[in-house]
Amino acid sequence: MLELNNQYTVIKRQVQTEVLKEFFAGTLAEHADAIPFRLIPKQRVPNRCCIYKERAMVRYRIMALLGVDIEHEDDEMKGLGAYVQEALGSHRPTLPILTTINTACSSCPPDRYLISDACRGCFARPCLANCPKDCISFSNGQAHIDENRCIRCGKCKEVCPFHAVVHIPVPCEEACPVNAVKKNEDGYVEIDYEKCISCGRCAMSCPFGAIVDRSSVLPVAKILKDNEPVTALIAPAIEGQFPGTLAQIKQALLAVGFSQVIEVSEGARITCEHEASELNERKLAGKGYLTTSCCPAYMELIDKHLPFLSEHRSSALSPMGYAALLAKQLHPEAKTVFIGPCLAKKVEAVRLGTLDGVITFSELASLFIARGVDVREMVSADLGDTASFVDCREFALSGGVASCVLSRMTAGSEITVLPINGIDKKMFRAMKVWERRPVETDLVEVMCCEGGCINGPGVVVKPSVAVKLRGGDKATMPVKAMRSVLGPKEGGV
């Protein structure tokens, strides 16, 4: 996927911040159409063909920030101010959460393999020997690929001793694990929403910004501006996303306008207790493996592509689901907003119907900037009694969910665990096989994002930075090991 630190991320953050600044100043409807000109002045050296296209892209980025379904609601004669008024009249996230910008799409050529000038025309010629379709030939001492016969298996690239074979992918298509992203008859990107699991990998991968998420940050900003009582539900992955401690992040949320803050790790405790109980029952009854239920993109994967796994997934709500119920019990008069790294949580929020908004860490960062809140300058807030769920903060890391579940198991036989550390095309194909040959394990922990939620599409910093800011990798299970055997502890469920 695309490196997080890039020009598109910078302009995206600038757009979010400018829109929110204008909103809190009460001038967004009047000044929205001026933002593209402000961000892309005429003296700027454009990264695209011209400043006019760059301004158009900023306009579309603002529309996505307003929650507009650009594919179906793009009216070039309609001012952004009108879209602002419509956005302020909406509340909960709407589906689909992704939309495409045809004007931004570069119509990338099909995925292919090419021989570079690094080819030495060696005597061994492993590329020729290993090609299953005999599509490699040699002329003038250099290899050539017949693209009409090539099946893009990559064998030649794997065996070339000079790394002379270059793979040129279509980034969005390559990133999608379920083949939901394709080009339409006009050559522009298109998403098959019947297949899409809303993982956001395509949006993270497109270097042209042609796939964007439909934000719901403006309705959340309106709640804050109107001083309505609202509870922030912060995902475990928030620790390490901002400079400062978790206690300072909580205080920053209060400073930006939230009435109270609840750690979703508290909901994670309920989730893992429920899953521990289920796992214990399945183990005793010999019902086969249990899969975790906290990743919403994985839940979409089951519903749309792997229905046979329905009988194996835990019936527990996700940590967000339990945290939302807890928030309503503690503060029934307050609205609830989930803040996390995940786009698929917006889909889950629509399904649950118990949340009033979902925003990403990236959008929260823009909220902080727009409101002039610096996390590092905050006085640490009281986190309360966290002893019962402090270990559940590791739900953000691959292996953390399974570890929390096992720590709450009753004493007994050993439990085998299969951690799925990221779902790509290869893993998706492997999981399909489970219908015919069930995986021989007790617990399958599934994270669609490699490394866990700290690598989600809505994060602010790279996973390596987040882990460092969290105080080092505390994941209690080696993520590189596909299968490990862990013994349960005493005194659990």
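Each value, and the rule that gives it
- Residues numbered from 1 in each chain as written.
- Predicted model: local features only at pLDDT ≥ 70, side-chain atom pairs only at ≥ 80, totals over all residues.
- Heavy atoms only, no water.
- Disulfide = S-S within 2.5 Å.
- Buried < 20%, exposed > 50% of the residue type's maximum accessible area, 1.4 Å probe, protein only.
- Core = buried A, V, L, I, M, F, W, Y, C linked by side-chain atoms within 4.5 Å.
- Helix = DSSP H or I, 4+ residues; strand = E, 2+ residues; numbered from the N terminus.
- Contact = heavy atoms within 4.5 Å.
- Arc of directions from axis to C-beta.
- Polar contact = N/O pair within 3.5 Å; in protein donor to acceptor, adjacent residues only side chain to side chain.
- Pairing = 2+ DSSP bridges.
- Axes fitted to C-alpha atoms, helices over the stretch in contact; angles between N-to-C directions.

Caption draft 1: Structural detail: the state of the cysteines. Tallied over the full model, the rule gives 0 disulfides. No disulfide involves Cys49; its sulfur sits 3.6 Å from the nearest other cysteine sulfur, which is in Cys50. Judged by relative accessible area, which is 62%, Cys49 ranks as exposed. Free cysteine Cys135: the closest other cysteine sulfur is in Cys131, separated by 3.4 Å. You can call Cys135 buried: its relative accessible area is 7%.

Caption draft 2: Spatial organisation of the nonpolar core. By size, the foremost hydrophobic cluster in this structure holds 126 residues, and its most contacted members are Phe258, Tyr298, Ile339, Ile423 and Trp434. In terms of residue count, helix H4 (residues 51–65) provides more of this core than any other element does, 8 residues in total. Excluding its chain neighbours within four sequence positions, the residues that come into contact with Ile423 are Pro177, Arg201, Tyr298, Leu301, Phe428, Met431, Val446, Met447 and Cys448.

Caption draft 3: Quick look at helix H19 (residues 425–432). Within H19, burial applies to Met427, Phe428 and Met431. For H19, the arc enclosing every buried residue in end-on projection is 105°, short of the 170-degree limit, so these residues lie on one face. Residues Lys426 and Arg429 are exposed on H19 and point more than 90 degrees away from its buried face. Contact partners of the buried residues in H19: helix H14 (296–304) and strand E14 (415–421). The N-cap of H19, judged by a side-chain oxygen 3.3 Å from the amide nitrogen of Lys426 a few residues on, is Asp424.

Caption draft 4: The side chain of Arg470, seen in detail. Tracing the backbone shows Arg470 in the loop between helix H20 (463–469) and strand E16 (484–486). Residues in contact with Arg470, not counting those within four places in the same chain, are Pro236, Ala237, Glu239, Gly240, Arg393, Glu394 and Ala396.

Caption draft 5: Up close: the sheet that holds strand E13 (residues 357–360). Sheet architecture is open: 4 strands sit in the order E10-E9-E12-E13, paired in parallel fashion. Where the open sheet ends on each side, the last strands, each with one partner, are strand E10 (260–263) and E13. When the angles between neighbouring strand axes are averaged without regard to direction, this sheet yields 25°. With 4 bridges connecting them, strand E9 (residues 230–234) and E10 associate as parallel partners. Directly across from Thr231, in E10, lies its bridge partner Gln260. Packed on one face of the sheet, helix H13 (residues 264–285) meets E9, E10 and strand E12 (335–340) and runs near 35° to E10.

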